[in-house]
Amino acid sequence: MDFFKENENDTWEKLRADCGRCMNCQLGRTRHNLVFGVGNEQADVMFVGEGPGEQEDLQGEPFVGPAGKLLDTMLELIDLDRSQVYIANIVKCRPPRNRDPLPDEQSACIGWLTRQIALVQPKILVFLGRIAAQVFIKPDFRITREHGQWFDVDGRRAMAMYHPSALLRDPSKRPETFVDLKTLQREIKDLHV
Ligand code: SF4
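Okay, so let's go over this structure. (Residues numbered from 1 in each chain as written. Predicted model: local features only at pLDDT ≥ 70, side-chain atom pairs only at ≥ 80, totals over all residues.)

This part covers the overall build of the chain. Along its length, the chain carries 9 helices and 6 strands. Against the 2.2 N^0.38 benchmark of 16 Å for 193 residues, the chain shows a C-alpha radius of gyration of 15 Å, consistent with a compact globule. C-alpha atoms of the chain, sized along the principal axes, occupy 40 × 40 × 30 Å. Going through the 193 residues of the chain one by one, you find that 38% of them count as buried. (Helix = DSSP H or I, 4+ residues; strand = E, 2+ residues; numbered from the N terminus. Rg over C-alpha atoms; globule rule 2.2 N^0.38 Å. Buried ≥ 20, exposed ≤ 12 C-beta atoms within 10 Å, placed from the backbone.)

This paragraph deals with helix H4 (residues 66–77). If you check H4, its first and last C-alpha atoms are 17 Å apart, about what 12 residues at 1.5 Å a residue would give, namely 16 Å. Taken as a whole, H4 has its buried residues at Ala67, Gly68, Leu71 and Met74. Viewed along the axis of H4, the buried residues span an arc of 110°, placing them on a single side of the element. Exposed residues lying more than 90 degrees from the buried face of H4 are Thr73 and Glu76. Buried residues in H4 make contact with helix H8 (164–169) and helix H9 (174–190). Just beyond H4, the residue with positive phi is Asp79, at close to 60°. (Expected span 1.5 Å × (residues − 1). Arc of directions from axis to C-beta. Contact = placed C-beta atoms within 7 Å.)

Helix length check: H9 (17 residues) gives 24 Å between terminal C-alpha atoms against 24 Å at 1.5 Å per residue, within 8%. By the burial criterion, the buried members of H9 are Thr177, Asp180 and Leu184. The buried residues of H9 occupy one face: seen down the axis, they fall within an arc of 55°. The exposed set on the far side of H9, more than 90 degrees from its buried face, consists of Pro175, Arg186, Lys189 and Asp190. The elements touched by buried residues of H9 are strand S4 (124–128), strand S6 (156–161) and H8.

A separate point is the site of the ligand. Taken together, 13 residues lie near the ligand, and Cys22, Cys25, Gly28, Cys93 and Cys109 sit nearest. For the shell around the ligand, the secondary-structure elements that each account for two or more residues are helix H2 (27–30) and helix H5 (103–120). When residues of the shell around the ligand are assigned to their parent elements, the largest contribution, 3 residues, is made by H5. Classifying every residue of the shell around the ligand gives 9 nonpolar, 2 polar and 2 charged. (Near = placed C-beta within 6 Å. Nonpolar A, V, L, I, M, F, W, Y, C, P; charged D, E, K, R; others polar.)

The buried fraction of strand S3 (residues 85–89) amounts to 5 of the 5 residues, a majority that puts the element mostly inside the structure. Side-chain alternation along S3 places Val85, Ile87 and Asn89 on one buried face and Tyr86 and Ala88 on a second face that is also buried. One ladder, built from 2 bridges, connects strand S1 (residues 38–39) with S3; its direction is antiparallel. Bridge pairing in S3 places Val38 opposite Ile87. (Pairing = 2+ DSSP bridges.)

A few words on the sheet that holds strand S2 (residues 45–49). Taken together, 6 strands build an open sheet; the order of strands is S1-S3-S2-S4-S6-S5 and the sheet is mixed. The sheet is open, and its two borders are formed by S1 and strand S5 (151–153), each paired with just one other strand. Where S5 meets S6, 3 bridges bridge the pair, whose relative direction is antiparallel. Paired with Asp152 across the two strands is Arg157, which belongs to S6. Helix-sheet contacts for H9 involve S2, S4 and S6, and the interaxial angle to S6 is about 165°. (Axes fitted to C-alpha atoms, helices over the stretch in contact; angles between N-to-C directions.)

So this is what it looks like as structure tokens:
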């Protein structure tokens, strides 16, 4: 898949309008708000999570609940903030009871995200959690073993780290994530982004 192919006819306005009325899967029927994405539309670093949670669904923004606060802290640790990155999810509507998005829901939704990636043209992709890494890096991606490692995704640098929700559930994973963040920070410096 060419996630980064630019389409000169696509624009953020068109994408927001097309995506905003999407009912391509069952998650559209139970959402309060579609959670499109947020951040710097010319960002060099793009974070991709799996789907909105309760607070995100209510507010229409990604990573605004407790996991979002932790993501902000993670960004601060490497001298980044939300104004410098773009943040989006694999699915734009909340899966009921925060279950994993089903394969058919991911397939129905992924086109919105690939259009976002094509518009942002990030140099570095960071996948938050197993689901996003399995979609973009490889289907058998093991987050416990392969977080923090660099992969090539369509010629771009890509890595996965634990999802902030997983770090809230299991704080013992935080030291490993700190190492991953420092790896990301070094890469940003090396790429002069
Ligand atoms: S999850 Fe994605 S595909 Fe499903 S209704 Fe929402 S925007 Fe459309």
